[in-house]
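# Inside the fold
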Amino acid sequence: MASGNAIRGSRVGAGPMGEAERGESAPRLRVSFWCSNGHETQPSFASDAQVPDTWDCPRCGFPAGQDRDNPPDPPRTEPYKTHLAYVRERRSDADGEAILAEALAKLRGEI
C-alpha cells in the first residue's frame, strides 16, 4: 500500500533539476591527453582557462600529454634502500675497515 507521500525519493532542499532552472553553464573546452600506456582522457576546462601541459591519467596514474605520438615518460621509481645501502654509498670498503679497526682498538683499550 502506497503512503501517498509526494516528496518520496527526494532530499531536503532539492530544487528542480535541469539547465533552465540553474542557468547556463560556462563555455567548456575538452582537451585530449594520452599517457605512455595509450590511455586517452578528455577533461573539460573553461574556455578561458589555461590548459596544463600534462594531466594525470585516471586509469594508470602516469603523466599524460597532448601529443598522442610522444607521451611523457612514466616516472622512475627508486627501490627502497636500507640504512646500510646509504652508508655504502658514502663510504668505501677501505673507510669501513679503518673505522672498524679504530673501534676495535678502542674496545681493546689500545687507544
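Up top is the structure.
Presented here is a report on the structure given in the accompanying data block.

Rules and cut-offs
- Residues numbered from 1 in each chain as written.
- Predicted model: local features only at pLDDT ≥ 70, side-chain atom pairs only at ≥ 80, totals over all residues.
- Heavy atoms only, no water.
- Helix = DSSP H or I, 4+ residues; strand = E, 2+ residues; numbered from the N terminus.
- Buried < 20%, exposed > 50% of the residue type's maximum accessible area, 1.4 Å probe, protein only.
- Contact = heavy atoms within 4.5 Å.
- Areas by Shrake-Rupley, 256 points an atom, 1.4 Å probe, with all protein chains shown as cover.
- Expected span 1.5 Å × (residues − 1).
- Core = buried A, V, L, I, M, F, W, Y, C linked by side-chain atoms within 4.5 Å.
- Pairing = 2+ DSSP bridges.
- Phe/Tyr/Trp six-rings, centres within 6.5 Å; stacked < 30°, edge-to-face > 60°.

## Section: the overall build of the protein
On a plain count of helices and strands, the protein comes out with three helices and six strands. Moving toward the C terminus, one meets the helices and strands of the protein in the order α-β-β-β-β-β-β-α-α. Per-residue burial over the protein gives 13% buried out of 111 residues. Nonlocal contacts in the protein, meaning residues at least 24 apart in sequence, comprise 26% of its contacts between residues at least 6 apart. For the protein, the accessible surface area stands at approximately 9800 Å², while carbon and sulfur atoms represent 50% of it.

## Examining helix 3 (residues 93-108)
For helix 3, which comprises 16 residues, the first-to-last C-alpha distance of 22 Å matches the rise-based estimate of 22 Å (1.5 Å per residue) to within 8%. In the segment just after helix 3, Gly 109 is the residue with positive phi, at about 80 degrees.

## Some points on the nonpolar core
Of all hydrophobic cores here, the largest spans six residues; its members are Val 31, Phe 33, Cys 35, Phe 45, Cys 57 and Ala 64. Not counting residues up to four positions away in its chain, the partners in contact with Ala 64 are Phe 33, Trp 34, Cys 35, Asp 53, Thr 54, Trp 55 and Pro 72.

## Observations concerning the sheet that holds strand 2 (residues 33-35)
The antiparallel open sheet is built from four strands, whose spatial order is 3-2-6-5. Of all the strands in the sheet, just strand 3 (40-41) and strand 5 (54-56) have a single pairing partner and so form its edges. Examined bridge by bridge, strand 2 and strand 6 (residues 63-65) share two bridges and lie antiparallel to one another. Residue pairing for strand 6: Cys 35 is matched across the bridge by Ala 64.

## Details of the packing of aromatic side chains
Applying the stated criterion across every chain, the model contains three aromatic pairs. Ring centres of Phe 33 and Phe 45 lie 6.5 Å apart, and the angle between their planes is 70 degrees; this geometry places the pair in the edge-to-face category. Residue Phe 33 is located in strand 2, and its partner Phe 45 is located in strand 4 (residues 44-46); the two are separated by 12 residues in the primary sequence. The two residues Phe 33 and Phe 45 agree in class, both being buried. Ring centres 6.1 Å apart and planes at 25 degrees place the aromatic pair Phe 33 and Trp 55 in the stacked group. Here the residue Phe 33 occupies a position in strand 2, and Trp 55 occupies one in strand 5, the gap between them amounting to 22 residues. Assessed through its relative accessible area of 0%, Phe 33 is described here as buried. Cluster of aromatic residues (ring-pair linked, three or more members): Phe 33, Phe 45 and Trp 55.

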